[in-house]
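# Notes for the structure review
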Amino acid sequence: VQLQASGGGLVQAGGSLRLSCTASGSIFSINAIGWYRQAPGKQRELVARIITGIKTNYGDAVKGRFTISREDASNTVYLQMNGLKPEDTAVYYCNANIEISSANWRNYWGQGAQVTVSS
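The following refers to the structure shown. What you are looking at is a predicted structure, and each value in this text was computed from that prediction instead of being measured.

Our next topic: the nonpolar core. By size, the foremost hydrophobic cluster in this structure holds 32 residues, and its most contacted members are W35, L79, M81, Y92 and I98. Those elements that place two or more of their residues in this core are β1 (2-6), β3 (17-24), β4 (29-38), β5 (45-51), β7 (66-71), β8 (76-81), β9 (90-101) and β11 (113-118). With six residues, the top contributor of residues to this core is β9. In contact with Y92, not counting residues within four places along its chain, are L19, W35, Y36, R37, V47, F66, L79, M81, G112, A113 and V115.

Structural data, given as structure tokens:
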């Protein structure tokens, strides 16, 4: 199983970016998929995630600005980031809980996407 992330980049404060992450490989089902981020010198933190395709969780720092969505047919999750701030600068990691065979669940991380917001 692989998680392939794309869409990072450099943007000015107030701008927008969209990240995407596609899971591929031996996948029976995905019960949670989302994004975490890690800024230099800080711990990795939750940005947003979708659980069982219905429930969403957002980190307090991004509520009202970021929107997570999921396309089940392609095992893809998107993160629309609006109103970006310099403090959103971080490496964004895709994460998923994936059933790789019947009742066999594993947690996977993608390679990370750099998001840099200039002031």
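There's plenty left to go through after this.
Attention shifts here to the pattern of salt bridges. Tallying each qualifying case throughout the model produces five salt bridges. Close ionic contact of D72 with R70 constitutes a salt bridge, the shortest N to O distance being 2.7 Å. Residue classification places D72 among the exposed positions, given a relative accessible area of 51%. Residues joined by salt bridges that share partners form a network here, namely R37, E45, R65 and D88.

With antiparallel pairing, the four strands of this open sheet are ordered in space as β1-β3-β8-β7. Whereas interior strands pair on both sides, the edge strands pair on one side only; in this sheet they are β1 and β7. Going across the sheet, the axis of each strand differs from the next one's by a mean of 15°, ignoring polarity. Two elements, β1 and β3, share five bridges in a ladder whose sense is antiparallel. What sits directly across from Q2, in β3, is S24.

Calculation notes
- Residues numbered from 1 in each chain as written.
- Predicted model: local features only at pLDDT ≥ 70, side-chain atom pairs only at ≥ 80, totals over all residues.
- Heavy atoms only, no water.
- Core = buried A, V, L, I, M, F, W, Y, C linked by side-chain atoms within 4.5 Å.
- Buried < 20%, exposed > 50% of the residue type's maximum accessible area, 1.4 Å probe, protein only.
- Helix = DSSP H or I, 4+ residues; strand = E, 2+ residues; numbered from the N terminus.
- Contact = heavy atoms within 4.5 Å.
- Salt bridge = Lys/Arg side-chain N within 4 Å of Asp/Glu carboxyl O.
- Pairing = 2+ DSSP bridges.
- Axes fitted to C-alpha atoms, helices over the stretch in contact; angles between N-to-C directions.

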